[in-house]
Amino acid sequence: MAAGEATWDRPSVFPRREVKWLTYLAVVAFFLWSAWGLGAAPGRILDGIGNAVTLAGDFVPPEATPRQRTRIVEKMLESVAIAMVSTLTGILVSVPIAFMAAENISPRPLYALNRGLISISRAFNAIIVAIIAVKAVGFGPLAGIVTITFKTVGFFSKLLAEDIEDIDMGSVEAVRAAGSSPVQTLLYGVVPQIVPRFAGLSIYRWDINIRTSTIIGIVGAGGIGSVLLTAFNRYDYGYVSAILLAIIAVVLVAEGVSAVVRRRYQ
């Protein structure tokens, strides 16, 4: 290389190589300390693998009496119904929140308020929300609908608001300059730009809600989860296996429907 010719070095966040390796060592040490403190000892992990193999053997073959099969079908249909209703209600609530949580079209106080609502919805796990919903409205599908609707708002509103913030404001200004009212500006300047993304998010969230609806029944919020918990408590692992296969089948069907709808819409 000729004298005085500049060389290129890959950018780094570390000022010196020693600092970089010390940081890596500190991260690895913290991970090992955390794992050991939480009881993730090698011996315990090996014992757990052996127990898991034994438990997997108890799951085979899947077994269910005619009455149990009927129960599985009824509760799976209930889970799907919960997902359908809560997806619709969640989207209906999410859309106005998303518009008010978009920084480029919403006043600052309204933006801050709705961003706070989205953060609250995203802060809690679905099981925690389901426990609260069961305490509020009692056991059954209504608690599941409340839970998944609440969780849908955090997910759907956040992503839709971010899409609104990424729109071409030139189109919005053109509609506004033509003398349109605020509502007309939204309908003709904003909505056409987010419709494709809106459809994709709706299908994706429905897919997530199908899976969530199969779990929240564990705490009494309706759906197949309650049957699964009962089967586990009775150590009826053949029945557990049959329920798990039913859940997998429904989730796979939902995945397929979601993929087909997204492909056709695009």
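What this report covers is the structure whose coordinates are included nearby. Every residue gets a number counted from 1 within its own chain, in the order that chain's sequence is written. Where totals are concerned, whole chains, interfaces and linings use all residues; where local detail is concerned, this predicted model gives features only for residues with pLDDT of at least 70, and gives and counts side-chain atom pairs only at 80 or more. Hydrogen atoms and water are omitted, and side-chain values are computed over all heavy atoms in the structure.

## Regarding the overall build of the chain
- Secondary structure elements follow DSSP: runs of H or I no shorter than four residues count as helices, runs of E no shorter than two count as strands, and numbering proceeds from the N terminus. Each helix and strand counted, the chain has ten helices and zero strands in total.
- Reading the chain from its N terminus to its C terminus gives the helix and strand order α-α-α-α-α-α-α-α-α-α.
- Note that the radius of gyration is over C-alpha atoms, with the globule rule given as 2.2 Å times the number of residues to the power 0.38. Computed over C-alpha atoms, the radius of gyration of the chain comes to 25 Å, more than 25% over the 18 Å expected from 2.2 N^0.38 for 266 residues, which places it beyond the range of a compact globule.
- Here the chain holds 266 residues, and 33% of them are scored as buried.
- The criterion used for residue contact is that any of the two residues' heavy atoms lie within 4.5 Å. Expressed as a percentage of contacts within the chain between residues at least 6 apart in sequence, the contacts between residues at least 24 apart total 75%. Each residue's exposure class comes from its accessible area (1.4 Å probe, protein chains only) as a fraction of the maximum for that residue type: buried when under 20%, exposed when over 50%, partly exposed otherwise.

## A look at the side chain of Asp207
- Tracing the sequence through the fold places Asp207 in helix H8 (residues 182–213).
- Owing to a relative accessible area of 3%, Asp207 belongs among the buried residues under this scheme.

## Brief notes about the packing of helix H6 (residues 141–165) against H8
- Axis separation between H6 and H8 bottoms out at 10 Å; the angle between their running directions is 150°. On the basis of the axis angle, H6 is roughly antiparallel to H8. For the element pair H6 and H8, the recorded crossing hand is right-handed. Here H6 contributes Ile148, Lys151, Thr152, Phe155, Phe156, Leu159, Leu160, Asp163 and Ile164 to the contact with H8, which in turn contributes Val190, Ile194, Arg197, Phe198, Leu201, Ser202, Tyr204, Arg205, Ile208, Asn209, Thr212 and Ser213. In this description, a line fitted to the C-alpha atoms serves as the axis of each element, helices being fitted only across the stretch in contact, and the angle between N-to-C directions of two axes falls anywhere from 0 to 180 degrees. If an angle is under 35 degrees, it is roughly parallel; if it is over 145, roughly antiparallel; if it lies from 65 to 115, roughly perpendicular; otherwise it is oblique. By the definition used in this description, the sense in which the near helix is turned from the far one sets the handedness, with an anticlockwise turn below a right angle giving left-handed and a clockwise turn giving right-handed.

## Examining the packing of aromatic side chains
- Ring pairs are drawn from Phe, Tyr and Trp, using the six-membered ring of Trp, whenever the two centres fall within 6.5 Å, and their geometry is named by plane angle: stacked under 30 degrees, edge-to-face over 60, tilted for the rest. In the structure shown here, the tally under the stated rule is seven aromatic pairs.
- Taking 5.6 Å as the distance between ring centres and 65° as the angle between the ring planes, the aromatic pair formed by Phe59 and Tyr237 counts as edge-to-face. Of this pair, Phe59 sits in the loop between helix H2 (42–58) and helix H3 (66–100) while Tyr237 is found in helix H10 (residues 237–265), placing the two residues 178 residues apart along the sequence. Of the two residues examined, Phe59 and Tyr237, each falls in the buried class.
- Centre to centre, the rings of Phe155 and Tyr204 are 5.7 Å apart; their planes meet at 55°, and the pair counts as tilted. Of the two residues, Phe155 is situated in helix H6 and Tyr204 in helix H8; the sequence distance between them amounts to 49 residues.

## Regarding unusual backbone geometry
- In this model, Val60 is joined to Pro61 through a cis peptide bond whose omega is 0°.
- Assignment of secondary structure puts Pro61 in the loop between H2 and H3.
- Notably, Tyr235 is not glycine yet its phi reads approximately 55°, a positive angle.
- With respect to the helices, strands and loops of the structure, Tyr235 is situated in the loop between helix H9 (225–233) and H10.
- Its relative accessible area of 61% is what places Tyr235 among the exposed residues.

## Topic: the nonpolar core
- Nine residue types can take part in a nonpolar core, namely buried Ala, Val, Leu, Ile, Met, Phe, Trp, Tyr and Cys, and a core is a set of them joined through side-chain atoms within 4.5 Å. Counting 19 residues, the largest nonpolar core has Phe156, Leu160, Ile164, Val190 and Ile194 as the members making the most contacts within it.
- Looking at this core, the elements with two or more residues in it are H3, H6 and H8.
- A per-element tally of this core places H6 first, with six residues.
- Among residues more than four places away in sequence, those in contact with Ile164 are Ala98, Phe99, Ala102, Asn104, Ile105, Val190 and Ile194.
- Judged by nonpolar contacts, the second largest core, of 15 residues, contains Leu228, Tyr239, Ala242 and Ala246.

## Things to note about the pattern of salt bridges
- One side-chain nitrogen of Lys or Arg within 4 Å of one carboxyl oxygen of Asp or Glu is enough to make a salt bridge. Applying the stated criterion to the full structure yields seven salt bridges.
- A salt bridge links Glu103 to Arg108, with the nearest nitrogen and oxygen atoms 2.4 Å apart.
- Looking at Glu103, the relative accessible area reads 43%, which means it is partly exposed.

## Section: the environment of Val134
- Position of Val134 among the secondary structure elements: in helix H5 (residues 126–137).
- Classification of Val134 as buried rests on a relative accessible area of 10%.
- When the C-alpha positions of Val134 and Val219 are compared, they lie 7.8 Å apart, and in sequence the two are 85 residues distant.
- Once residues lying within four places of it in the same chain are set aside, the contact partners of Val134 are Phe139, Ala143, Val219, Gly220 and Ala221.

## Quick word on helix H1 (residues 17–37)
- In this scheme, a helix's expected span is set at 1.5 Å multiplied by one less than its residue total. With 21 residues, H1 should cover 30 Å at 1.5 Å per step; its first-to-last C-alpha distance of 30 Å lies within 8% of that length.
- Looking at the residues trailing H1, positive phi occurs at Gly39, about 90°.

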